[in-house]
Amino acid sequence: MSEEEKIPGGAKRRAKVVGLFSGGLDSLLSAHLMMDQGAEILLLHFLMPWQTVEEDGRDVTKRAEELGLPLEFIHLDRDYIAMLKDPPHGYGKNMNPCIDCHIFMFRRAGERMEEMGWDLVFTGEVVGERPMSQRKPILNLIEREAGLVGRLLRSLSAKLLTETVAEKEGLIERDKLLAIEGRSRKPQMELAEEYGISEYSSPAGGCLLTDPAFSKRVRESFEWGEDTPRHFKLLRLGRHFRLPGGAKVVVGRNQGENERISELAQVGDMLLDPVGVMGPTVLLGKEGGISENVETAASLCARYSDGSVDIDVQVRRKGEEGVEVVVGRQLESDVIENLRI
Ligand code: SF4
């Protein structure tokens, strides 16, 4: 331990801690508790395979800036998707593999901690707050399977849990940690008032894997072997259809989605746009580019355009010159519903 590492007036060095940070109230409070310990802190925010820093990172960045703490983003990608296909501890109500998701993220956070030679990982989890993943035996299982025994501090509930190594070594004062338990948010609200926290994100409702409609899309996508981060980015956009033969069609719902769908299209994919009327950009994967599919994709474009009769639809292949115009015929609603995912 070097002299510089000592806290002024104290006998110990500062604890160096890595925190999982969603920007939600619990994570903000846990960061405050670590600041009260005089710890050196790095916040980590995990981005799901369908998320980007530009689209999803603004709020959490603001929260970290307000705390004056450094923040790193970690993208969950192919490895996470592989876990999502077959989570060892199963799914929740929808496609949310909460136990394995926690293990996955905590393991990653632990790797970051090891890389830097730091002391522990902290989180804002509260014992008993959520029915499944925050029961005490499950918290212990997650700690074990993430390889963080003795190195994972749930600061809001720490006094209800086994002491960590950093507490035993005196780097973290156990007395300053809390013993919050259960689903009532009252203690957290009171604490928020003490710390002067008035704004925080609401990440609990933000996980798309807990959404039935998104989960249905994920399941269907896996059945067709569509399992890259790009596929996942498309899953959160537009209306989705599966054509006979397996081609996938994605139809934008607004200007922002139309632009994003065009960006996410790969070279060779077909992009369709209505001519002369307002309407959606439609993506038809290159593997599905036979004329019958193009006709159906053009009809879907017509269906969601402002045109009430058949319309012209322009078709281009991404990355290639040249545009073809085909007729987008209005389809019966039941035909469309049969194709909808
Ligand atoms: S709600 Fe979503 S992000 Fe949270 S643990 Fe479950 S799967 Fe992971």
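What you see is a predicted model; the values in this text were computed from it and never measured.

So, how was this worked out
- Residues numbered from 1 in each chain as written.
- Predicted model: local features only at pLDDT ≥ 70, side-chain atom pairs only at ≥ 80, totals over all residues.
- Heavy atoms only, no water.
- Helix = DSSP H or I, 4+ residues; strand = E, 2+ residues; numbered from the N terminus.
- Buried < 20%, exposed > 50% of the residue type's maximum accessible area, 1.4 Å probe, protein only.
- Areas by Shrake-Rupley, 256 points an atom, 1.4 Å probe, with all protein chains shown as cover.
- Lys, Arg positive; Asp, Glu negative; His and termini not counted.
- Charge placed at Lys NZ, Arg CZ, Asp CG, Glu CD.
- Near = heavy atom within 4 Å.
- Nonpolar A, V, L, I, M, F, W, Y, C, P; charged D, E, K, R; others polar.
- Expected span 1.5 Å × (residues − 1).
- Salt bridge = Lys/Arg side-chain N within 4 Å of Asp/Glu carboxyl O.
- Domains from an automatic or database assignment.
- Pairing = 2+ DSSP bridges.
- Axes fitted to C-alpha atoms, helices over the stretch in contact; angles between N-to-C directions.
- Parallel < 35°, antiparallel > 145°, perpendicular 65-115°, else oblique.
- Left-handed = near helix turned anticlockwise from the far one by under 90°.
- Contact = heavy atoms within 4.5 Å.
- Phe/Tyr/Trp six-rings, centres within 6.5 Å; stacked < 30°, edge-to-face > 60°.

Enquirer: I'd love a proper account of the overall build of the chain, names of residues and values included.
Expert: For the chain, the helix and strand inventory stands at 13 helices and 11 strands. In the chain, which comprises 341 residues, the share counted as buried stands at 51%. Accessible surface for the chain amounts to roughly 16,400 Å². Of this, 49% is attributable to carbon and sulfur atoms. The centroid of the 45 positive side-chain charges in the chain is displaced by 3 Å from the centroid of its 57 negative side-chain charges.

Enquirer: Could you give an account of the site of the ligand, naming the residues involved and the relevant values?
Expert: Taken together, Met-48, Asn-96, Pro-97, Cys-98, Cys-101, His-102, Cys-207 and Thr-210 make up the full set of residues adjacent to the ligand. Looking at the shell around the ligand residue by residue, the class counts come to five nonpolar, three polar and no charged.

Enquirer: Account for helix 12 (residues 291-303), with residues named and values stated.
Expert: In this model, helix 12 (13 residues) spans 18 Å end to end at C-alpha, consistent with the 18 Å of a helix rising 1.5 Å per residue. Buried within helix 12 are the following residues: Asn-293, Val-294, Ala-297, Ala-298, Ser-299, Leu-300, Cys-301 and Ala-302.

Enquirer: Mind laying out the pattern of salt bridges, listing which residues take part and the relevant values?
Expert: What the rule picks out here adds up to 30 salt bridges. Where Glu-129 meets Arg-185, a salt bridge forms, and the shortest distance between an N and an O atom there is 2.7 Å. One end of the pair, Glu-129, is in the loop between strand 4 (120-123) and helix 6 (136-145); the other, Arg-185, is in the loop between helix 7 (165-168) and helix 8 (186-195), and 56 residues separate them in sequence. Measuring nitrogen to oxygen at the nearest pair gives 3.8 Å for the salt bridge that ties Lys-186 to Glu-190. Placement of both Lys-186 and Glu-190 in helix 8 is noted, with a separation of four residues, approximately one turn of the helix. The class of Glu-190 is partly exposed, set by a relative accessible area of 44%. Put simply, Glu-55, Asp-56, Arg-236, Arg-260 and Glu-263 are held in one network by salt bridges that share partners.

Enquirer: Account for the domain arrangement of the chain, with residues named and values stated.
Expert: Under the domain assignment used here, the chain contains domain 1 (3-206) and domain 2 (237-339). Computed over C-alpha atoms only, the centres of domain 1 and domain 2 are separated by 43 Å.

Enquirer: Could you give an account of the sheet that holds strand 7 (residues 248-251), naming the residues involved and the relevant values?
Expert: Strand pairing in a sheet relies on backbone hydrogen bonds. The paired strands run either parallel or antiparallel. One open sheet holds the six strands; their spatial order is 6-7-9-8-10-11, and the pairing between them is antiparallel. Two strands lie at the open edges of the sheet, namely strand 6 (239-242) and strand 11 (324-328), each paired on one side alone. Each strand axis lies, on average, 25° off the axis of its neighbour in the sheet, ignoring direction. Examined bridge by bridge, strand 6 and strand 7 share four bridges and lie antiparallel to one another. Bridge pairing in strand 7 places Arg-239 opposite Val-251.

Enquirer: Explain the packing of helix 1 (residues 25-36) against helix 8 residue by residue, including any values.
Expert: How two helices sit against one another is set out by the angle between their axes and by the gap between those axes. Packing of helix 1 against helix 8 leaves a shortest axis separation of 10 Å and a crossing angle of 55°. Accordingly, the angle class assigned to the pair helix 1 and helix 8 is oblique. For helix 1 against helix 8, the interelement crossing comes out left-handed. Of the residues in helix 8, those in contact with Leu-25, Asp-26, Leu-29, His-32, Leu-33 and Asp-36 of helix 1 are Gln-188, Met-189, Leu-191, Ala-192 and Tyr-195. Looking at the contact of helix 1 with helix 8 residue by residue, the class counts come to seven nonpolar, two polar and two charged.

Enquirer: Talk me through the pairing of strand 7; I want residue IDs and the actual numbers.
Expert: Here strand 7 shows a buried face lined by Lys-248 and Val-250 and a second buried face lined by Val-249 and Val-251. Between strand 6 and strand 7, which pair antiparallel in sequence order, lie five residues; one of them, Gly-245, sits at a positive phi of approximately 100°. Summarising the sheet, strand 7 and strand 9 (residues 282-284) pair through three bridges and their orientation is antiparallel. Bridged to Val-250 within strand 9 is Leu-283.

Enquirer: Describe the packing of aromatic side chains, naming the residues involved and giving the relevant values.
Expert: Note on aromatic pairs: each is described by the distance of the centres and the angle between the planes. In total, this model carries five aromatic pairs according to the counting rule given. When the centroid spacing of 6.1 Å and the interplanar angle of 20° are considered together, the rings of Trp-50 and Phe-232 count as stacked. On the criterion of sequence distance, the pair formed by Trp-50 in the loop between strand 2 (40-47) and helix 2 (53-56) and Phe-232 in helix 10 (residues 229-235) is long-range, its members being 182 residues apart. On the accessibility criterion, Phe-232 (0% relative accessible area) is buried. Counting every residue linked through ring pairs, the aromatic cluster contains Trp-50, Phe-214, Phe-222 and Phe-232.

Enquirer: Run through the sheet that holds strand 5 (residues 152-154), naming residues and quoting values.
Expert: In spatial order, the strands read 3-2-1-4-5; together these five strands make up an open sheet with parallel pairing. Unpaired on one side and paired on the other, strand 3 (71-75) and strand 5 mark the two borders of the sheet. Strand-to-strand, the axes of this sheet are offset by a mean angle of 30°, without reference to chain direction. Inspection of the sheet shows strand 1 (residues 16-20) paired to strand 4 by three bridges, in the parallel sense. Considered in strand 4, the bridge of Val-18 is made with Val-121.

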